[in-house]
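Listed below are the residues making up each chain.
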Amino acid sequence: MSSVTRARMYQAIIVVLLLVIAAMAYKFIVLGSTERVDDRRVAVVLEPGDRALMLSEMRAFVAGLQQITDALSHEDMKSVAKAARAMGTPRSHDVPLALMAKLPLEFKALALGVHGGFDTLATDAEAVGKPAHTLAQLSGILQKCVACHASYEVKDTRAP
Ligand code: HEC
């Protein structure tokens, strides 16, 4: 085989590999594991354990929101910050990579928006210390909860 032919062959192999990588990135980063459901939401299809993990994280959000609103009613901004920080970005680092790959890009963006929103809320609760400001930030975060729930449901891989 001439060196020109060999170089062409290597180039072709590299192109094919790049295409495979691009297709995998599109699948795992952008699409995730999803299907459409009747009420027009997109179903994220997860293993039972991953689904349970996600739903328990959701219930933790409600528990955290309860702590924030209670602390806010006492203007206890230190406790507001503490509860918000527990729902901040570091929390998202607990999500296993295999689960992350099944989440569509928009879903991940909304989830990170919520975690990031709690980071900012915590910082401002201490630095600004105005309950009305915190409430407005909370409302912004809740809009993201609402937006995600309007677009997605989570389906068990075992469900028909
Ligand atoms: C990125 C998307 C997303 C965001 C952001 C999000 N959720 Fe969810 N949540 C879901 C999905 C999907 C479900 C499952 C709904 C279904 O299958 O019908 C769910 C379910 C829930 C449930 C039900 C839990 C259970 O045990 O069944 C609660 C409560 C909940 N979310 C609260 C919240 C709160 C509060 C926020 C905001 C602080 C929030 N969620 C933000 C996607 C999201």
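Refer to the preceding data block for the structure.
In what follows, the accompanying structure is described.

Under the definition given, this model contains two aromatic pairs. Pairing F107 with Y152 gives two aromatic rings, centres 5.2 Å apart and planes at 80 degrees, and the pair type is edge-to-face. Of this pair, F107 sits in helix α6 (residues 105-127) while Y152 sits in strand β3 (residues 152-156), and the two are 45 residues apart along the sequence. Judged by its relative accessible area of 9%, Y152 falls in the buried class.

For the rest of this paragraph, the subject is the coordination of the iron atom of the ligand. All of the protein donors around the iron atom of the ligand are M58 (SD) and H149 (NE2); their distances to the metal are 2.0 to 2.3 Å. Under the relative-accessibility criterion, M58 is labelled partly exposed at 28%. Judged by its relative accessible area of 48%, H149 falls in the partly exposed class.

Orientation of helix α2 (residues 48-73) relative to helix α3 (residues 77-85), taken along the N-to-C sense of each, is 170 degrees, at an axis distance of 8 Å. By the criterion of interaxial angle, the relationship of α2 to α3 is roughly antiparallel. Packed against α2, whose contacting residues are G64, Q67, I68, A71 and L72, the element α3 presents M77, S79, V80, A83 and A84 at the interface. Its residues placed into classes, the contact of α2 with α3 shows seven nonpolar, three polar and no charged.

Let us look at the nonpolar core. By size, the foremost hydrophobic cluster in this structure holds 18 residues, and its most contacted members are I68, V80, A84, F118, L121 and L138. Excluding residues that lie within four positions of it along the chain, V80 makes contacts with I68, A71, L72, L121, A125 and T134. In terms of nonpolar packing, the next biggest core, distinct from the first, is built from eleven residues, V44, M54, L99 and L110 among them.

About the thresholds
- Per chain, residues are indexed from 1 in the order of the written sequence.
- Thresholds applied to this predicted model are a pLDDT of at least 70 for local features of residues and 80 or more for the giving and counting of side-chain atom pairs; totals over whole chains, interfaces and linings are not thresholded and use all residues.
- Excluded from the side-chain calculations are hydrogens and water; all other atoms, namely the structure's heavy atoms, are used.
- What counts as a ring pair is set by centres within 6.5 Å for rings of Phe, Tyr and Trp (its six-membered ring), and what kind of pair is set by the plane angle: stacked under 30 degrees, edge-to-face over 60, tilted for all other angles.
- Helix and strand assignments come from DSSP, with helices taken as H or I runs of at least 4 residues and strands as E runs of at least 2, each series counted from the N terminus.
- Each residue gets one of three labels from its accessible area relative to the maximum for its type: buried under 20%, exposed over 50%, partly exposed in between, using a 1.4 Å probe on protein chains only.
- Distances define the donors: N, O and S atoms within 2.8 Å of the metal qualify, as do those within 3.2 Å of Na, K or Ca. Water is excluded, so some sites may look unfinished.
- Comment: axis = line fitted to C-alpha atoms, over the contacting stretch for helices; angle = value between 0 and 180 degrees taken between N-to-C directions.
- In what follows, roughly perpendicular refers to angles from 65 to 115 degrees, roughly parallel to angles under 35, roughly antiparallel to angles over 145, and oblique to any angle outside these ranges.
- Two residues qualify as a contact provided that any one of their heavy atoms is within 4.5 Å of a heavy atom in the partner residue.
- Note on residue classes: Ala, Val, Leu, Ile, Met, Phe, Trp, Tyr, Cys and Pro are nonpolar, Asp, Glu, Lys and Arg are charged, and everything else, Gly too, is polar.
- Here, nonpolar core refers to any group of buried Ala, Val, Leu, Ile, Met, Phe, Trp, Tyr and Cys residues whose side-chain atoms link them within 4.5 Å.

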